[in-house]
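# Structural overview
Residues per chain are reported as follows:
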Amino acid sequence: MPTTTDDTVMAPEDRKSVAVSYFKLMDAGEEFLHLFDDHAYVYFPKHAPARGIKQVEQLFADLWPMFSSIVHDNAYFNYIVADDFVVAEGMTYGELADGTSWRGGVGLGGRFCNVFEIRDGKIQRLHIYLDPDYGDKDTARYPWLGEERA
Amino acid sequence: VSLTLTPMADEQRKAIALEYLKRLDRGEDFFELFDDNAQLYFPKWGLANGIEEIKAAFAAIADIISAVTHDYAYFNYTHAGDTVVVEGTSAGRTADGTQWRAGVSHAGRWCDVFEIRDGRIQRLFIYLDPDYADADIARYPWLAAAAS
């Protein structure tokens, strides 16, 4: 969608609503790419940033093989909304393709923070900040995890 | 905890968040910026409750990172109520000498969520991929495909 100077002004709750839809549609296994602008930018750890809807589609297609299921615990997210930014902070649980389950707050994986820029009804930018090692498999690298508290 | 908090402006919260990051980069003490009962989250550490556990967490993190520079000039700040979200990039060197730089390596993009009240950081959750050296690659199907 081309950017114009008369973009639809969105209310904060409308921006939040787009972010909530993203989580709910994803968890339901439903199509959610329509929430993104054609020129959207998406970042996920260890993946090259996706520029434009084709690369965004590819990024999520690259991620799915990691997961059997994922649930975003949306009722307990913190939403920080200011201007065109919606930050959503919270926890997930689910199962990886290899059968490892994770649950935020129980294991180490499963805490995340998403930064959305939402304008004109669409997600223009999404940065997903998290440790992508959901299953706590890469622990030997961290000296403190060799100790008792792990 | 006093029930009568000193009101703070957004720019005061921003100043505290930025001060924390600048002291971190300079290797200076920053624990006075935290409330005694603050809560910290760092990936692969989990939660640290109270200043003593927070000190232990940062000491452990310092053992895996030799040097870090946060790119202050290009941060995004999002303020709402007592929460400040700071999103940015970093560059640095791990203890084993591996360099990282956002945009060059995978590592180096981070997002900090601060709750700042009464002049102190009450909560700091640090969201990032802690694999600064890009050493854990084989686990990710798209990277394995690119490498083969």
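From a predicted model like this one, the values you see are computed outputs, not experimental measurements.

Moving on to the overall build of chain B. Each helix and strand counted, chain B has three helices and eight strands in total. Its helices and strands in sequence order give chain B the pattern α-β-β-α-β-β-β-β-β-β-α, from N to C terminus. For chain B, the spread of C-alpha atoms along the three principal axes comes to 60 × 30 × 25 Å. Residues counted as buried form 51% of the 148 residues belonging to chain B. Sequence-distant contacts in chain B: of pairs separated by 6 or more residues, those separated by 24 or more amount to 53%. Total accessible area on chain B is roughly 6800 Å²; 49% of this is exposed by carbon and sulfur atoms. Charge-centre separation for chain B: the mean point of 14 positive side chains lies 3 Å from the mean point of 23 negative side chains.

A common way to report how large an interface is uses the accessible area buried once the components associate. Listed as interface residues are 36 residues of chain B and, on the opposing side, 38 residues of chain A. When the buried surface of chain B facing chain A is broken down by residue, Lys44(B), Arg109(B) and Trp142(B) rank first, second and third, together holding 25% of it. Counting the contacts that link chain B with chain A gives six salt bridges. When contributions to the side of chain B that touches chain A are tallied by element, the ones reaching two or more residues are β2 (46–49), α2 (50–62), β4 (76–80), β5 (83–94), β7 (109–117), β8 (120–128) and α3 (141–147) of chain B.

Taken as a class, soluble globular proteins show a tendency for nonpolar side chains to be buried jointly. Ranked by size, the top nonpolar core spans 40 residues in total, and within it Tyr22(A), Phe36(A), Phe60(A) and Phe116(A) carry the most contacts. Elements supplying a minimum of two residues to this core: α1 (12–27), β1 (36–43), α2 (53–63), β3 (67–72), β5 (85–96), β7 (111–119) and β8 (122–130) of chain A together with α3 of chain B. Looking at this core element by element, the count peaks at seven residues for α1(A). Contacts of Tyr22(A), omitting those with residues within four sequence positions, involve Phe32(A), Leu35(A), Phe36(A), Phe60(A), Asn114(A), Phe116(A), Ile123(A), Leu126(A) and Ile128(A).

The rules behind the values
Residues numbered from 1 in each chain as written. Chains lettered and ligands numbered in written order. Predicted model: local features only at pLDDT ≥ 70, side-chain atom pairs only at ≥ 80, totals over all residues. Heavy atoms only, no water. Helix = DSSP H or I, 4+ residues; strand = E, 2+ residues; numbered from the N terminus. Buried < 20%, exposed > 50% of the residue type's maximum accessible area, 1.4 Å probe, protein only. Contact = heavy atoms within 4.5 Å. Areas by Shrake-Rupley, 256 points an atom, 1.4 Å probe, with all protein chains shown as cover. Lys, Arg positive; Asp, Glu negative; His and termini not counted. Charge placed at Lys NZ, Arg CZ, Asp CG, Glu CD. Buried area = accessible area lost by both parts, 1.4 Å probe. Salt bridge = Lys/Arg side-chain N within 4 Å of Asp/Glu carboxyl O. Core = buried A, V, L, I, M, F, W, Y, C linked by side-chain atoms within 4.5 Å.

Read these as spatial facts, not as claims about activity.
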